[in-house]
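Observations on the model geometry
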Amino acid sequence: MDHNVDIEYEGGGKMSRNGSASDERGMNRQPLLSKNRVNTSSQIAIVGSNICPIESLDYEILENDLFKQDWRSRKKVEIFQYVVLKWTLALLIGVLTGLVAFFNNLGVENIAGFKFLLTSKFMLQHRYYEAFAVFAGINLFLAVLAGLLCAYIAPAAAGSGIPEVKAYLNGIDSHSILAPSTLFVKIFGSILGVAAGFVVGKEGPMVHTGACIANLLGQGGSRKYHLTWKWLRYFKNDRDRRDLITCGSAAGVAAAFRAPVGGVLFALEEAASWWRSALLWRTFFTTAVVAVVLRSLIGFCRSGKCGLFGEGGLIMFDINGTIPDYNMVDLVAVILIGVIGGILGSLYNYFVDKVVRTYSYINGKGPMIRVFLVGLISLLTSCCAYGLPWFTNCVPCPVGLSVECPTVGRSGSYKFFQCQPGHYNDLASLLLNTNDDAIRSLFGSTNANEFRISTLAIFFLAMYILGIITYGIAIPSGLFIPVILAGSSYGRLVGTLLVSISNLDVGLFALLGAASFLGGTMRMTVSLCVILLELTNNLLMLPLMMLVLLISKSVADNFNKGVYDQIVRMKGLPFLEAHAEPYMRHLVAGDVVSGPLITFAGVEKVSNIVHSLRLTSHNGFPVIDEPPFLEAPELCGVVLRSHLIVLLKGKMFTKQRRLTGTETLQRYHAFDFAKAGLGKGPKMEDLDITPEEMEMYVDLHPITNTSPYTVVETMSLAKAAVAFRELGLRHLCVVPKTPGRPPVVGILTRHDFMPQHILGLYPGIDKRH
């Protein structure tokens, strides 16, 4: 990939001596790059398996003359259309995400079901080598197909997608992360990857899928497809798209877990960096629609018209029949589960970070290497799933079961495998099953002795290790299911050990183990608690669930960050945390602005604008009003790069330096300056300006945001960082403390708040205080 092109960086009005968008003293580290790859123009990050330039998003409301004129001219019916459209899009996001989740499960259950039935057929005929060849061969075929889709069509679809969605809602626009090709590969790659038997989930990819659907619906119309109705144009801005993508991410969780309230809380606690009450209503409406769609479709499938996808439906682990009655021993056990879950969860995050860094280096070698790595992990997973049950003894079927034992088909917990009649292989029941069915078995409470301690220990180690080494390969892969599998097996193991002195059954212990692992890896509390309660339909577990989540999160926070935060950092995405770093209190805003600062006059020469745009990749430039229009220089506002290009393309130039605001307002509409979807905005290459026009002037006042956010240069950097994030800014002007100086000192952008930049400027500062 060529990094020597001009790609917009972080939107700053600063330029280093080589004309790049980064100040050479505070160049951000390049994530996981080999030494011979040098970034010369822009901030870059790992997106999927590729290294791509990134830019910030404009969440700020622009208040220039053109947009003010547009607001004043809106009629009541247009405002009503805008409100109705917002709710209509929320409805469509819910419907489409619910449909995708349903067909995702339909595809996984039928493909995996066919695979297990075929394997079981050979096993019953004692053709064990052929059974393994069929099992591993189908898995390898599905895995390679998913890998090819990711490697060649949409590398951004690899992985969970939650870190990228979280970064987008923080204000970071990663290349192709929400593109239609990414949506396509995310859907089909997830179906193939889960059906291939990988220790991955489809829950993380569903969050990404919901965000992609929301982004596609929120493009604000399309000239290409003649969708240019006036009321669609109101959505051509990052602010409205952000709200829709927040709804999409919540819909993804609701669709994956059938947990509408959990989806809203997930978006609030983990995904979104900015929230308001109106967004809460719309997000809740979207997840409610998802729940209705899924319930309707699953009801249809109960009639047997969906192949092997029947009664189970989506991952709904109903343990409502068990009433928790716990004593002091149980509380001690729950606290112990929380502590150990926090330790093992933080260790899980540590190894995931190391593995993903290694895979990122390997994936950088080319698409075929990525596919080869996918195939290798697939063969390893198949060998473990088929081979490990051979090392365990068969278990006699318990008397008085309401279900068939042993089961000879795909469904059921009591797998026949290679056992004699009347016996079953408990490890095969977990490994040679879909992940959802394995979790359902672990959460089950009908038979406390269904799985032996040795079986649970082996399964725990297998899921723990396979979950770590699988995440990071070039397929859509979620972390929720691997963590739940490992946690529930560990929890059931503890419950089996304490079965003689505990009032809680092993199924509830499995649930608490899953909660402890989720808390230790994800570091979420409220949303995870509600998701698990909705998932298991057991509200009586609320006190114990809250306790174990709080303990596991508190313990794990002492070791490292949550898994999604680690991946965001590892990928090089410039994420702004909710709190400022301690050392920022010792610095002021003026300490981190760097120059020289590029500014424009209110009526500027065309050649100066063209030269500055070609020389730099900055997104925003301060506009200074000067004599003869004012007695002394004064900050007029900030003008955006994209708006300058539109104005230059329209060639509203004058030979004399004069104001032409009225003519500009008559000629242009706010829609002409709206942000195009999917990065198809105007480019410098589109301009065709003659040498005569270069010597002319253009009035910037109509397109200048006259109310930019400003801070005084003596404000603490910590305070400025919190304001920057809370307001969702891209540019923050720094103005002088004393009079008689230029009206603007510089512009703070996302890059200026990054630890790498600040510590590069002040390497001797104490990072801890």
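So, how was this worked out
- Residues numbered from 1 in each chain as written.
- Predicted model: local features only at pLDDT ≥ 70, side-chain atom pairs only at ≥ 80, totals over all residues.
- Heavy atoms only, no water.
- Disulfide = S-S within 2.5 Å.
- Buried < 20%, exposed > 50% of the residue type's maximum accessible area, 1.4 Å probe, protein only.
- Helix = DSSP H or I, 4+ residues; strand = E, 2+ residues; numbered from the N terminus.
- Salt bridge = Lys/Arg side-chain N within 4 Å of Asp/Glu carboxyl O.
- Polar contact = N/O pair within 3.5 Å; in protein donor to acceptor, adjacent residues only side chain to side chain.
- 1 Å grid on protein atoms, 1.4 Å probe; cavity = no way out; pocket = protein on both sides within 12 Å on 5 of 7 lines; lining within 4 Å.
- Points joined across faces, edges and corners; volume = space filled by probe spheres on them.
- Nonpolar A, V, L, I, M, F, W, Y, C, P; charged D, E, K, R; others polar.
- Core = buried A, V, L, I, M, F, W, Y, C linked by side-chain atoms within 4.5 Å.
- Contact = heavy atoms within 4.5 Å.
- Pairing = 2+ DSSP bridges.
- Axes fitted to C-alpha atoms, helices over the stretch in contact; angles between N-to-C directions.
- Parallel < 35°, antiparallel > 145°, perpendicular 65-115°, else oblique.
- Left-handed = near helix turned anticlockwise from the far one by under 90°.

Observations regarding the state of the cysteines
Applying the stated criterion across every chain yields a total of 2 disulfides. The disulfide bridge from Cys-397 ends at Cys-405, spanning 2.0 Å between sulfur atoms. Around the S-S axis, the bridge from Cys-397 to Cys-405 shows a dihedral of about -80° and counts as left-handed. The class for Cys-397 is buried, based on a relative accessible area of 18%.

Some details on unusual backbone geometry
For residues besides glycine, phi is generally negative; the peptide bonds are generally trans as well. Of note in this structure, His-126 is not a glycine but carries a positive phi near 60°. Here His-126 shows up in the loop between helix H2 (76-124) and helix H3 (128-153). Although it is not a glycine, Lys-651 adopts a positive phi angle of roughly 55°. Relative to the helices and strands, Lys-651 resides in the loop between helix H22 (641-650) and helix H23 (661-667).

Quick look at the pattern of salt bridges
Under the counting rule described, the total for this entry stands at 22 salt bridges. A salt bridge links Asp-58 to Arg-730; the nearest nitrogen and oxygen atoms lie 2.8 Å apart. With Asp-58 in the loop between strand S2 (50-56) and helix H1 (65-73) and Arg-730 in the loop between helix H25 (717-726) and strand S12 (732-735), this pair connects stretches of sequence that are 672 residues apart. Between Arg-127 and Glu-130 there is a salt bridge, and its shortest N-O distance comes to 3.7 Å. Note on Glu-130: relative accessible area 35%, which makes it partly exposed. In this structure, a network of salt bridges that share partners links the residues Arg-242, Asp-243, Arg-276 and Arg-282.

Some thoughts on the side chain of His-757
In this structure, His-757 sits in helix H26 (residues 755-761). In terms of polar contacts, His-757 uses its side chain to reach the side chain of His-751, at 3.2 Å.

So, empty space enclosed by the protein
Considering all chains together, one arrives at 7 cavities of 30 Å³ or more under this definition. By volume, the largest cavity is sized at about 260 Å³. Taken together, 27 residues make up the lining of the largest cavity; nearest its centre are Gly-197, Leu-431, Asn-433, Thr-434 and Asn-435. Taken together, the elements giving at least two residues each to the lining of the largest cavity come down to H2, helix H5 (180-195), helix H11 (367-387), helix H12 (426-431), helix H13 (435-443), helix H14 (453-470) and helix H15 (480-497). A total of 4 residues in the lining of the largest cavity trace back to one element, the largest contributor, which is H2. For the lining of the largest cavity, the per-class residue count stands at 18 nonpolar, 6 polar and 3 charged.

Some words on the nonpolar core
Ranked by size, the top nonpolar core spans 150 residues in total, and within it Phe-198, Phe-257, Phe-459, Met-463, Phe-480, Met-522 and Met-545 carry the most contacts. The element that contributes the greatest number of residues to this core is H2, accounting for 13 residues. When near neighbours in sequence (up to four residues on either side) are disregarded, Met-522 contacts Glu-270, Leu-479, Phe-480, Val-483, Leu-528, Gly-562, Val-563 and Tyr-564. In terms of nonpolar packing, the next biggest core, distinct from the first, is built from 32 residues, Ile-598, Val-646, Leu-647 and Met-684 among them.

A look at the pairing of strand S8 (residues 620-625)
Of all 6 residues in S8, 6 are buried, a share of seventy percent or more. Of the two faces of S8, both are covered, the one formed by Gly-620, Pro-622 and Ile-624 as well as the one formed by Phe-621, Val-623 and Asp-625. Across 6 bridges, S8 lies against strand S9 (residues 634-640) in antiparallel orientation. Residue pairing across strands places Ile-624 opposite Leu-635, the latter belonging to S9.

Here's the deal with the side chain of Ser-273
Within the element layout of this structure, Ser-273 appears in the loop between helix H8 (260-271) and helix H9 (277-305). A polar side-chain atom of Ser-273 sits 2.9 Å from a polar atom in the side chain of Asn-170. Of note is the side chain of Ser-273, whose polar atom sits 3.3 Å from the side chain of Arg-725. If we ignore the near neighbours within four places in the chain, the residues touching Ser-273 are Leu-169, Asn-170, Phe-575 and Arg-725.

A few points about the packing of helix H4 (residues 162-170) against helix H7 (residues 238-257)
Closest axis-to-axis distance for the H4/H7 pair is 10 Å, and the angle between their directions is 150°. By the angle class used here, H4 and H7 are roughly antiparallel. Judged by the twist between their axes, the crossing of H4 over H7 is left-handed. Here H4 contributes Val-165, Tyr-168 and Leu-169 to the contact with H7, which in turn contributes Arg-241, Arg-242, Ile-245, Thr-246 and Ser-249.

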